[in-house]
Amino acid sequence: MSRRCDLLDTGPMSGNTVSHSNMRSRRRFDVNLCNVTLLSDSLGQKFRVRVAAKTLRTVDTKGGLDAFLIGTKNHKLTEKAKKIKKAVLKSRAEIEAA
């Protein structure tokens, strides 16, 4: 299983480990992934996702999954997140039309 965020597709980065003598060797910085269940208010549905801790903090700051998805541009989201966003927007349009 790849170590990627299900919402923003954040993946591992590479860099250097620098020793005391300033020798550099390559290393890999993995993403801090968390398995969480996020609730969509407009859909009334729970989604099990594997997200980075940084993304989870952003979701909390924005005010939930719906607000996070609506406020994020499509080119930053994964295909799974785009499908959820499309369903949320459709649900909100139906609620406003009624």
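Up top is the structure.
Throughout this description, residue numbers start from 1 for each chain and increase along the sequence as written. In keeping with the predicted nature of the model, local features appear solely for residues at pLDDT of at least 70, side-chain atom pairs appear and are counted solely at 80 or more, and the whole-chain, interface and lining totals rest on all residues. Hydrogens and water are ignored here; the side-chain numbers use all heavy atoms of the structure.

> Is there a simple way to think about the packing of aromatic side chains in this case?
Aromatic ring pairs: the centre-centre distance and the angle between the two ring planes describe each pair. Side-chain rings of Phe, Tyr and Trp, where Trp is taken by its six-membered ring, are said to pair if the distance between their centres is within 6.5 Å; with planes under 30 degrees apart they count as stacked, over 60 as edge-to-face, and otherwise as tilted. Overall, the coordinates contain 0 aromatic pairs when judged by the stated rule. Put simply, a charge is over a ring when the Lys NZ or the Arg CZ is close to the ring centre, within 6 Å, and near the line of the ring normal, within 35 degrees. Stacked on the ring of phenylalanine 29, the Lys or Arg arginine 27 has its end atom at 3.9 Å from the ring centre.

> Help me out: how do you make sense of the pattern of salt bridges in this one?
When the charged atoms of two side chains with opposite charge come close together, those side chains can pair. Salt bridge criterion: a side-chain nitrogen from Lys or Arg within 4 Å of a carboxyl oxygen from Asp or Glu. Counted according to the given criterion, the structure contains 4 salt bridges. Salt-bridge contacts for arginine 4 lead to aspartate 9; the nearest nitrogen and oxygen are separated by 3.8 Å. Residue classification places aspartate 9 among the partly exposed positions, given a relative accessible area of 39%. As a salt-bridge pair, glutamate 79 and lysine 82 come within 3.6 Å of each other at their nearest N and O atoms. With glutamate 79 and lysine 82 both in helix H3 (residues 79–97) and 3 residues apart, this pair spans about one turn of that helix. Given the relative accessible area of 55%, glutamate 79 is considered exposed. Look at lysine 82 and you get partly exposed, because its relative accessible area is 28%. Exposure classes here rest on a 1.4 Å probe applied to the protein chains alone. A residue is buried below 20% of its type maximum, exposed above 50%, and partly exposed in between. Helix and strand assignments come from DSSP, with helices taken as H or I runs of at least 4 residues and strands as E runs of at least 2, each series counted from the N terminus.

> Please explain the nonpolar core as it appears in this structure.
Where a protein is soluble and globular, its nonpolar side chains tend to be buried together. Among buried residues, those of type Ala, Val, Leu, Ile, Met, Phe, Trp, Tyr and Cys that are joined through side-chain atoms within 4.5 Å constitute a nonpolar core. Ranked by internal contacts, the top residues of the largest apolar core, which has 18 residues, are Leu7, Leu65 and Leu69. Contributions of two or more residues to this core are made by strand S3 (33–40), strand S4 (45–52), helix H2 (65–71) and H3. Looking at this core, the element that brings in the most residues is S4, giving 4 residues. Whether two residues touch is decided by their heavy atoms; if any such pair falls within 4.5 Å, the residues are in contact. Apart from residues no more than four positions distant in its own chain, leucine 7 is found in contact with Leu38, Val51, Thr55, Val59, Leu65, Phe68, Lys76, Leu77, Thr78 and Ala81.

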